[in-house]
Amino acid sequence: MAFNRLKRVQEEAQELNVIPVMNLFMVLIPFLLLGATFFHIGVIPTSTPTLSPSDSDVPKTPTTVAVNLEVTPDAIKISSSSVSLDEDQLNALAAEWPKKNNEYQVLELQKALVAIKDKYPDSNTLTVLPYEELNYQDLVKILDVTRVRQIGVDEKGEPKMQDLFPVTIFSRFVPPELEGENAAIDDQAAEMEIGDEEVTE
Amino acid sequence: MKMKFAKQDKPPGLMLTSLLDMFTIILIFLIVSFEAEDYEFKLDPGLTLPESSANSVLKPAINLAITPDSLKIENNEIMKLDRGKFRDQYYTKGEIPEVVERLRVAHEEVMAKEAAGELEGDEDPAIVLIQADKTLDYKTLYLVMRSASVAGFDKYRLAIMKK
């Protein structure tokens, strides 16, 4: 009888008192809840054309092309400009993809940009000229494929990205029939040159 | 017989083990998702950001929010929008004079701070962070960007929701 009581006392003494641990958790959980991020916000660095002197000291390397991306209600078109390429070479880089199933063919666009990037690796500037009613979400989808591309995964399983045209400059598409109406904007735009923005990731 | 009664007298203990397990899992989840950021970003409740795979990090800048109903600079409502569009009388020559005026003041303040050495880092401080609703059209966005450009800001960070 006495032995049984002693055994029971020993068993009770072995139970871990978890109340302090629970108290600690009750303090930590609200604190961590306040600092928890359930969604992640990022940014797309962009710019607009800026006025700069024509004798800019930006080095004009022969291997650099600036790509213009025009987004119309029915298609996306690219054209290129460069100080060192002739018209035929620039025309060879131009392309157009009409909408398919009411969607822009962004993957085709990315393939063309990859080809330009491979040919002229120092190129990094894309001037985007969307039409006025283009939905913002659609614009972001297009920018996603023009700025970077995935080239595999690293040893941690994270996607490995390669820069395509990370310097995005927005401009405004002025249809030919509205040119007179937008003359004031055009006058300024004619004097503009693309800024040499450095985009940091 | 006596011993049996003695056992029944003891109050039943509360089983905390399963509760402790649950708390441990919650705690681990919260520690993993905890991010200590020195910049507190306030997302405007009246808008939904577009989704993007862009992974550039958020940095402090002049905060500009465009919802379908209003335009705000640093959380102060500047003007109303009509279903995501600026009324014709608000803008002229591709810019919004009121926004230009407000941002010009903000630009002067930022540049004065930079001149006084109050800003950290060597990055250009003349940057606007634009949080715009994903349903807006490009014209609305461009009018704001152009106005900011006229005011002295020519670099923008478009806030997006990471996929």
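Here, every reference points to the structure presented above.
Caption draft 1: Structural context of the overall build of chain A. A tally of regular secondary structure across chain A gives 6 helices and 8 strands. Listed by position from the N terminus, the elements making up chain A come as α-α-β-β-β-α-β-α-β-α-β-β-β-α. The contacts in chain A between residues at least 6 apart in sequence include a share of 62% that link residues at least 24 apart.

Caption draft 2: Quick peek at the overall build of chain B. The number of helices and strands found in chain B is 4 helices and 6 strands. Starting at the N terminus, the α and β elements of chain B follow one another as α-α-β-β-β-β-α-β-α-β. Partitioning the contacts of chain B with sequence separation of at least 6, the portion at a separation of at least 24 is 69%.

Caption draft 3: Region of interest: the interface of chain B and chain A. Of the residues lining the interface, 45 residues belong to chain B; the matching set on chain A comes to 40 residues. Here the side of chain B that touches chain A takes 8 residues from strand 6 (residues 155-162) of chain B, the largest share from any one element. Class assignment for the residues of the side of chain B that touches chain A results in 27 nonpolar, 8 polar and 10 charged. Sheet analysis places strand 1 (residues 41-47) of chain A next to strand 6 of chain B, joined by 7 bridges and oriented antiparallel. Counted as the bridge partner of I44 of chain A is L158 of chain B from strand 6 of chain B.

Caption draft 4: Examining the pairing of strand 6 of chain B more closely. All names here are of chain B. Across the 8 residues that make up strand 6, a large majority, 6, are buried. Taken together, the 2 bridges between strand 1 (residues 51-52) and strand 6 define a ladder with parallel strand orientation. Within strand 6, the residue paired with E51 across the bridge is M161. Direction of pairing for strand 5 (residues 127-132) relative to strand 6: parallel, over a ladder of 4 bridges.

About the thresholds
Residues numbered from 1 in each chain as written. Chains lettered and ligands numbered in written order. Predicted model: local features only at pLDDT ≥ 70, side-chain atom pairs only at ≥ 80, totals over all residues. Helix = DSSP H or I, 4+ residues; strand = E, 2+ residues; numbered from the N terminus. Contact = placed C-beta atoms within 7 Å. Nonpolar A, V, L, I, M, F, W, Y, C, P; charged D, E, K, R; others polar. Pairing = 2+ DSSP bridges. Buried ≥ 20, exposed ≤ 12 C-beta atoms within 10 Å, placed from the backbone.

These values are about where atoms sit, not about what they do.
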